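Structure assessment
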Amino acid sequence: MSNTLNKSSRKARHVLSVRVGNLLQGAGFGLGCISLWFSTQPNSVPIRVIAMIAGYLLIYFTSHSSAHYLVGRLGGILFSHYSVGGSSHASSYPPVMRQIFERLPFLKAHTNLQSLKSADPTAQALMFGAGIVSTVVLSSLAALFAFRADVPGSLSLLIFNVIWQVSSLIA
């Protein structure tokens, strides 16, 4: 019937149609971009910092599964649904972060098993790699955008992002 992108012990809390999952991902990404832009506008420092962090987090959380979906579809891979649950790789985080990432509402794209099996191996590899690549690139661009716009606290976000992304790639 269907296959998840990564096999894990992650428990899905909700199942969403592909359309609803894509709408949520797109809306979250769009709100993230708007929040980042808002952080560059003349407001009080706390509002700018909150908008920057919200924008960064929205982009971070919405770029992964949507990249799997977009690249997979470009490679001819069909998807059956999305599920909402904790991280598939929570065990690779330190103890406190592990509990947080097990509970965050990540969206996970589920492939159609027949479609995945019949897809070109290059398309499969690109689809599987797209999630982490897009998360690293897009969230790094978000942090860099805030830094270049001289948003208060953006240097700290940029440094955190580099450390976080390097550790994510290593894990």
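Scroll up a little and you will see the structure.
We now turn to the structure provided with this report. In this text the structure is predicted, and so the values were computed from the model without any measurement.

Conventions and cut-offs
Residues numbered from 1 in each chain as written. Predicted model: local features only at pLDDT ≥ 70, side-chain atom pairs only at ≥ 80, totals over all residues. Heavy atoms only, no water. Axes fitted to C-alpha atoms, helices over the stretch in contact; angles between N-to-C directions. Helix = DSSP H or I, 4+ residues; strand = E, 2+ residues; numbered from the N terminus. Parallel < 35°, antiparallel > 145°, perpendicular 65-115°, else oblique. Left-handed = near helix turned anticlockwise from the far one by under 90°. Expected span 1.5 Å × (residues − 1). Contact = heavy atoms within 4.5 Å. Buried < 20%, exposed > 50% of the residue type's maximum accessible area, 1.4 Å probe, protein only. Pairing = 2+ DSSP bridges.

On to the packing of helix α2 (residues 45–74) against helix α5 (residues 121–148). Following both chains from N to C, one finds α2 and α5 inclined at 155°, their axes separated by 7 Å at the closest point. Comparing the axis directions of α2 and α5 gives the class roughly antiparallel. The way α2 lies across α5 gives a crossing that is right-handed.

Here we take up helix α1 (residues 18–39). The terminal C-alpha atoms of α1 lie 31 Å apart, and with 22 residues this matches the ideal 32 Å at 1.5 Å per residue to within 8%. Where α1 is buried, its residues meet β2 (14–16), α2, β3 (79–85), β4 (106–112) and α5.

Let us now look at the pairing of β4. Extensive coverage of β4 is indicated by the burial of six of its seven residues. Summarising the sheet, β3 and β4 pair through six bridges and their orientation is antiparallel. By the bridge assignment, Tyr82 is partnered in β4 with Ala109.

With that out of the way, let us pick up the environment of Val96. Mapped onto the elements of the fold, Val96 is located in helix α3 (residues 95–103). By relative accessible area, Val96 is classed as exposed at 61%.

For the rest of this paragraph, the subject is the side chain of Ser65. Here Ser65 shows up in helix α2. When residues no more than four places from it in sequence are discounted, the contact partners of Ser65 are Gln25, Tyr82, Leu107, Lys108 and Ala109.

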